[in-house]
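Read off the chains here:
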Amino acid sequence: MASLKADFDELIHRVEAGREFAHASYEPIFYLVFHPRDLLDVKRLMPAWTSRLKNDGWQVETFSIAEHIADILGKAPLRKVWLAADRKEPLAWARTNKALGNALTAQNRLQARLEERLAGLEGRSNTILLVTDVEALHPYLRIGAVEAQLQGKFHVPTVFFYPGTRTGKTRLRFLGFYPEDGNYRSVHVGG
């Protein structure tokens, strides 16, 4: 847990210092990368980290991927059809995951919610957005795809709490087992 605290300290230092202008496009996007085995420790530390940010003068906003996925799927028009199909074939995981993934990506429902949240924060000084529960995207999609679609929309520092491993300066492996992905425009700390 000591390394998680040190990584969070470094992350906040980078957020406060701003990003390097060497990147192709400057947007205040940061990832706290941690090994998936540390997921529960990160969740335990989140209240302390949030309090620390507030004590340091930040207006802390959160966006829980898990809460939004649950809401989207709970209100999906096909929910009754899914439940009936699940009762008939409860072990048809591939079909189930595909249907649920389609519900999240159709009309960019999840992405639209994050975009709406970011738009609502534009112009608010000393505001930071913490994007939590990124692991809930498995097996539907990866956050890099969402981040790429929101280029130009990040106007406040946004921190993604990313369970995975680093394989280079910009390459990440979601949950430590997905193929590495280098399509990130963000600063990565930890991992």
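Predicted model only: the values in this text are computed from it and were never measured. (Residues numbered from 1 in each chain as written. Predicted model: local features only at pLDDT ≥ 70, side-chain atom pairs only at ≥ 80, totals over all residues. Heavy atoms only, no water.)

Caption draft 1: A look at the pattern of salt bridges. Enumeration according to the criterion identifies twelve salt bridges in this entry. The partner of Glu61 in a salt bridge is Arg124, and the shortest N-O contact between them spans 3.0 Å. Remark: Arg124 occurs in the loop between helix H6 (109-121) and strand E3 (127-132) and Glu61 occurs in strand E2 (residues 59-64); sequence separation between them is 63 residues. Lys153 is the salt-bridge partner of Glu115, the closest N and O atoms lying 3.0 Å from each other. Here Lys153 lies in the loop between helix H7 (143-149) and strand E4 (158-166) and Glu115 lies in helix H6, a separation of 38 residues in the sequence. Here Glu115 falls in the partly exposed class, since its relative accessible area comes to 27%. (Salt bridge = Lys/Arg side-chain N within 4 Å of Asp/Glu carboxyl O. Helix = DSSP H or I, 4+ residues; strand = E, 2+ residues; numbered from the N terminus. Buried < 20%, exposed > 50% of the residue type's maximum accessible area, 1.4 Å probe, protein only.)

Caption draft 2: Quick peek at the packing of helix H4 (residues 79-88) against helix H5 (residues 93-105). Contact geometry for H4 and H5: axes closest at 11 Å, N-to-C directions at 170°. Taken together, the axes of H4 and H5 lie roughly antiparallel to each other. Residues Trp82, Ala85 and Asp86 of H4 form the contact with H5, whose own contacting residues are Arg95, Thr96, Ala99, Leu100 and Ala103. Looking at the contact of H4 with H5 residue by residue, the classes come out as five nonpolar, one polar and two charged. (Axes fitted to C-alpha atoms, helices over the stretch in contact; angles between N-to-C directions. Parallel < 35°, antiparallel > 145°, perpendicular 65-115°, else oblique. Contact = heavy atoms within 4.5 Å. Nonpolar A, V, L, I, M, F, W, Y, C, P; charged D, E, K, R; others polar.)

Caption draft 3: Expanded view of the nonpolar core. Ranked by internal contacts, the top residues of the largest apolar core, which has 33 residues, are Ile65, Leu114, Leu137 and Ile143. For this core, the elements supplying multiple residues, two or more each, are strand E1 (29-34), helix H3 (65-74), H5, H6, E3, H7, E4 and strand E5 (172-174). Look past the residues within four positions of Ile65 in its chain and what remains in contact with it is Leu110, Val131, Thr132, Asp133, Val134, Ala136, Leu137 and Ile143. Counting residues in hydrophobic clusters, the runner-up holds 21 residues, among them Phe30, Val42, Trp58 and Val60. (Core = buried A, V, L, I, M, F, W, Y, C linked by side-chain atoms within 4.5 Å.)

Caption draft 4: Here's a closer look at unusual backbone geometry. Residue Pro139 is bonded to the preceding His138 through a cis peptide linkage, with omega at 5°. Structurally, Pro139 is set in the loop between E3 and H7. Of note, the phi angle at Asn126 is positive, near 60°, even though the residue is not glycine. Of note, the phi angle at Asp133 is positive, near 60°, even though the residue is not glycine. As for its position among the elements, Asp133 is in the loop between E3 and H7.

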